[in-house]
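Reading the structure
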Amino acid sequence: MSATAESPPATAVDGLSVDFATEHGWATVVDDVSFSIAADEAVGLVGESGSGKSVTAMSILRLIPTPPGRITRGSIHFAGQGLLALPERAIRDIRGRDIAMIFQEPMTSLNPVFTIGDQIAETVRRHRGGSRQAAWQRAIEVLDLVGIPSADRRVHDYPHQFSGGMAQRAMIAMALSCRPRLLIADEPTTALDVTIQAMVLELLRDLQAELEMSVLLVTHDLGVVADFCDRVLVMYAGQLVETAPAMPLFDQPLHPYTEGLLASMPQTDVLDERGELWSIPGVVPAPWAMPGGCRFHPRCAYVETGRCTTTPLGMAESDGHGTRCVRARELELRGAT
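Residues numbered from 1 in each chain as written. Predicted model: local features only at pLDDT ≥ 70, side-chain atom pairs only at ≥ 80, totals over all residues. Heavy atoms only, no water.

Structural notes on the confidence of the model for the protein chain
Detailed reading of the predicted coordinates is not advisable wherever pLDDT is low. On average, residues of the protein chain score 89 in pLDDT, and 94% of them reach the 70 mark or higher. Under a pLDDT of 50 for its full length, residues 1–6 has, in the predicted model, 12 contacts with residues more than four places off or in other chains. (pLDDT = per-residue confidence, 0-100. Contact = heavy atoms within 4.5 Å.)

Focus on the pairing of strand β2 (residues 25–37)
Examined bridge by bridge, strand β1 (residues 11–22) and β2 share nine bridges and lie antiparallel to one another. If you follow Asp-19 over to β2, its bridge partner there is Thr-28. Between β1 and β2, which follow one another and run antiparallel, lie two residues. (Pairing = 2+ DSSP bridges. Helix = DSSP H or I, 4+ residues; strand = E, 2+ residues; numbered from the N terminus.)

What to know about the layout of surface pockets
In this structure, the largest pocket encloses a volume near 600 Å³. Residue assignment for the lining of the largest pocket shows that the elements contributing at least two residues are β6 (99–102), α4 (116–128) and α7 (164–176). By residue number, the principal contributor to the lining of the largest pocket is α4, which donates six residues. Across the lining of the largest pocket, the residue classes tally to 10 nonpolar, six polar and four charged. (1 Å grid on protein atoms, 1.4 Å probe; cavity = no way out; pocket = protein on both sides within 12 Å on 5 of 7 lines; lining within 4 Å. Points joined across faces, edges and corners; volume = space filled by probe spheres on them. Nonpolar A, V, L, I, M, F, W, Y, C, P; charged D, E, K, R; others polar.)

Remarks on the sheet that holds strand β3 (residues 42–46)
Pairing within the open sheet is mixed, and its eight strands lie in the order β6-β7-β8-β3-β9-β10-β12-β11. In this open sheet, the two edge strands, each paired with only one partner strand, are β6 and β11 (316–318). Strand-to-strand twist of the sheet, defined as the mean angle between neighbouring strand axes without regard to direction, takes the value 15 degrees. Bridge count for β6 against strand β7 (residues 182–186) is four bridges, and the pairing is parallel. Paired with Ile-102 across the bridge in β7 is Ala-185. In the packing of helix α1 (residues 53–60) onto the sheet, the strands contacted are β3, β6, β7, β8 (214–219) and β9 (231–236), and the crossing angle to β8 comes to about 150 degrees. Relative to the sheet, α7 contacts β6 and β7, its axis offset from that of β6 by approximately 180 degrees. (Axes fitted to C-alpha atoms, helices over the stretch in contact; angles between N-to-C directions.)

Observations concerning the environment of His-24
As for its placement among the helices and strands, His-24 is situated in the loop between β1 and β2. His-24 sits in the partly exposed class, given a relative accessible area of 46%. Taking the C-alpha atoms as reference points, His-24 and Ala-289, separated by 265 residues in sequence, lie 9.5 Å from one another. Among the polar contacts listed, one links the side chain of His-24 to the side chain of Trp-288, at a separation of 3.3 Å. (Buried < 20%, exposed > 50% of the residue type's maximum accessible area, 1.4 Å probe, protein only. Polar contact = N/O pair within 3.5 Å; in protein donor to acceptor, adjacent residues only side chain to side chain.)

Some words on the side chain of Gln-119
One can find Gln-119 in helix α4. Excluding residues within four positions of it along the chain, Gln-119 makes contact with Leu-110, Asn-111, Phe-114, Pro-159 and Met-174.

Details of the packing of aromatic side chains
Geometry of an aromatic ring pair is reported as the spacing of the ring centres plus the angle between the planes. Taken as a whole, this structure holds three aromatic pairs when the rule is applied. The residue whose ring lies beneath Arg-70 is Trp-26, and the NZ or CZ to ring-centre distance is 3.5 Å. (Phe/Tyr/Trp six-rings, centres within 6.5 Å; stacked < 30°, edge-to-face > 60°. Lys NZ or Arg CZ within 6 Å of the ring centre and 35° of its normal.)

A few points about the sheet that holds strand β5 (residues 81–82)
What the four strands build is an open sheet, ordered β2-β1-β4-β5; its pairing is antiparallel. Taken across any chain shown, the strands that pair with only one partner, and hence form the sheet edges, are β2 and β5. Examined bridge by bridge, strand β4 (residues 69–78) and β5 share two bridges and lie antiparallel to one another. What sits directly across from His-77, in β5, is Gly-82.

Thoughts on the pairing of β4
As paired elements, β1 and β4 share eight bridges and run antiparallel to each other. Pairing of Ala-12 across the sheet is with His-77, part of β4. Hairpin geometry of β4 and β5 is characterised by an intervening segment of two residues between the two adjacent antiparallel strands and by a positive phi of about 50 degrees at Ala-79.

Points about α7
In this model, α7 (13 residues) spans 19 Å end to end at C-alpha, consistent with the 18 Å of a helix rising 1.5 Å per residue. Taken residue by residue, α7 has Gly-165, Met-166, Ala-167, Gln-168, Arg-169, Ala-170, Met-171, Ile-172, Ala-173, Met-174, Ala-175 and Leu-176 as its buried positions. (Expected span 1.5 Å × (residues − 1).)

Points about the packing of α7 against helix α8 (residues 194–211)
Relative to each other, α7 and α8 sit at 5 degrees, their axes nearing to 12 Å. Compared by their axis directions, α7 and α8 come out roughly parallel. Between α7 and α8, the residues in contact are Arg-169, Ile-172 and Leu-176 and Ile-196, Val-200, Leu-203, Leu-204 and Leu-207, respectively. (Parallel < 35°, antiparallel > 145°, perpendicular 65-115°, else oblique.)

Some thoughts on the packing of α4 against helix α5 (residues 132–145)
At a minimum axis distance of 8 Å, the contact between α4 and α5 shows a crossing angle of 120 degrees. The angle between α4 and α5 falls in the class oblique. Relative to α5, α4 is oriented so that their crossing is right-handed. For the pair α4 and α5, the contacting residues are Ile-116, Gly-117, Asp-118, Ile-120, Ala-121, Val-124, Arg-125 and Arg-128 in the first and Arg-132, Ala-135, Trp-136, Arg-138, Ala-139, Val-142 and Leu-143 in the second. In the contact of α4 with α5, the residues fall into nine nonpolar, one polar and five charged. (Left-handed = near helix turned anticlockwise from the far one by under 90°.)

Structure follows, in structure tokens:
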């Protein structure tokens with residue numbers, strides 16, 4: 001489901017730009033990014049490391065460290081509120097209660113000197129109030145929900161007593177403990193085995209339906225995106241380069257970078273001339289050394305000198321499928337097999 005005029009988006013990001021101070025001066029790492037998420041929609045944000053996905057996600061909660069970072073342009077609205085204009089105390093009330101985030105590295109996000117139960121219960125009491133006993137019981141409930149065995153016992157454990165996968169599930173439990181309206185999940189299933197991954201995704205689906213919860217899923221795993229997300233945002237070098245409903249994007253991508261991401265999925269029938277799994281040549285450019293024209297053109301197999309290499313191109317959209325490629329309607333790109 002996507003937002004319409006009759007059903008305004010729960011979250012709307014418009015023209016977001018974020019700069020960071022570097023030894024080369026100020027560098028733009030997120031450049032004029034716009035998207036929306038409906039009240040019960042799951043949106044996937046995909047791209048290589050260094051594309052700006054996590055910075056975009058953290059900007060919604062105003063978690064960009066200042067310095068060295070700064071939001072230079074744009075607006076972020078959630079439930080009718082402009083988040084960038086709110087005082088710090090107000091945004092702290094929203095974090096964890098209305099908008100929750102599952103961070104990418106659970107072992108660096110959990111406090112090593114407090115038990116898992118204490119950390120979840122603190123979040124519950126901070127945002128929902130109630131007694132210590134009720135908050136502790138809620139901690140046990142959400143740990144059980146995400147598949148922690150013997151949750152009533154493990155709630156007393158410290159983070160170092162959890163494996164990486166269990167710590168990730170504890171982070172997911174903490175994020176869900178206050179029943180948020182928007183869940184930002186940054187690589188939430190990376191440390192999980194396939195069985196637990198499927199269980200966590202099913203849990204998120206159930207909660208999304210029950211709470212009409214929006215989900216912004218930041219991930220490298222296109223298989224998870226295909227299975228879970230309604231719509232996909234493809235990000236490269238700080239810009240959105242393609243946006244579309246999930247199935248049309250997987251069936252018929254319009255940007256060569258999206259085609260490369262899909263071809264890079266581990267599939268035995270997609271091999272290069274050496275019989276190896278295919279990969280996109282080159283690397284994401286540094287923020288202070290962006291190429292002219294299309295930022296993907298130095299790595300693109302379909303590049304045309306002139307049209308692709310000199311003039312910056314904005315997003316063009318048709319029938320809900322947007323792309324930042326001047327050759328989009330000329331190319332027959334391969335989708336997922």
